[in-house]
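Coordinate analysis (summary)
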Amino acid sequence: YANETYQRMASAKNIGEILPVERLFPVGGEVAEAIYRLSLAARERRVGTEEFRLSKGLEGDKPAWYRVRTSPLQGPQKIDLSLWSVADISLERERQENIFQELQQAIDYLDQAPAGFFSLDQKGDIVYFNATLAGWLGYDLAQFSAGGLRISDIVANQNESLLIDLTGKSGETRVETLDIDLRRSNGQTFPVRVLHQLTFDDQGVLGASRSIVLSRVPGSESDEGRRIAEIRFSRFFNHSPLAIATVTKEGQV
């Protein structure tokens, strides 16, 4: 048995002209390997699924993607049969490719933004930072892998606790503004302002954070004099050897 769609794919006028799946596709390359794995699964009464691309589809001259599946089927009088399905998934693959291209564009926009960006997990590992921040700090973005750097590797003067040792209310999301120094790969410091977005779960535990980094190097802003006194004041106290904290009357830091 074969349905009308399969007969059309096989260019068969009647049931006698229908080719089995093993002979439906051109021989050679990855397609042959995929069909072999499926045939083996059919013989062993297992479920198998493969996806592959043809430079020329079964029903036209354009390239096409196919998903082929086999599964065991019990026929009349308990005869062992195999159920095969062949689906043209070219449109699905095209949508996936379009989504991937849009995602790549969004990442490229973020990478080329005039501000740095990084994200931390709960342990303080850097799971992402953009090309702008990588350039400022002298890191090769191509060699970066999630978890390869910790926030303590890029924050100077042991100020990483300002970014990770924080408490919050259940379900709270807030943004902290911090004027700190980052540490370049060569050990030099780099003054920045960090807009640090924090999220807390239902138990009040700090989750992943996302941060925008603005350069405070002289000449990096159109208005260099804006809040210079406040920045110096903040950096002075962040780098001070004195321990300073503000506590509410309920005892919350």
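Residues numbered from 1 in each chain as written. Predicted model: local features only at pLDDT ≥ 70, side-chain atom pairs only at ≥ 80, totals over all residues. Heavy atoms only, no water.

**Description of unusual backbone geometry**
The phi torsion of most residues other than glycine is negative, and most of the peptide bonds are trans. The backbone of Ser11 sits at a positive phi, close to 55°, despite the residue not being glycine. Position of Ser11 relative to the elements: it lies in the loop between helix H1 (4-9) and helix H2 (21-24). Residue classification places Ser11 among the exposed residues on the basis of a relative accessible area of 59%. You will see that Arg45, though not glycine, has its phi angle at about 60°, which is positive. By secondary structure assignment, the location of Arg45 is in the loop between helix H3 (29-43) and strand S1 (48-54). (Helix = DSSP H or I, 4+ residues; strand = E, 2+ residues; numbered from the N terminus. Buried < 20%, exposed > 50% of the residue type's maximum accessible area, 1.4 Å probe, protein only.)

**Thoughts on the layout of surface pockets**
Of the pockets and cavities examined, the second largest pocket occupies roughly 480 Å³. Along its surface, the second largest pocket is lined by 18 residues, and Tyr1, Ala2, Tyr6, Ser82 and Trp84 are the ones closest to its centre. Elements with a minimum of two residues in the lining of the second largest pocket: H1, H2 and strand S3 (80-88). Counting residues per element, the lining of the second largest pocket draws most heavily on S3, which supplies five residues. (1 Å grid on protein atoms, 1.4 Å probe; cavity = no way out; pocket = protein on both sides within 12 Å on 5 of 7 lines; lining within 4 Å. Points joined across faces, edges and corners; volume = space filled by probe spheres on them.)

**Concerning the pairing of S3**
As defined by bridge partners, strand S2 (residues 64-74) adjoins S3 across nine bridges and the pair is classed as antiparallel. Bridge pairing in S3 places Pro72 opposite Ser82. Hairpin connection from S2 to S3: five residues lie between these consecutive antiparallel strands, with Gln77 at a positive phi of about 50°. (Pairing = 2+ DSSP bridges.)

Honestly, that's just the spatial picture; any functional story needs more than this.
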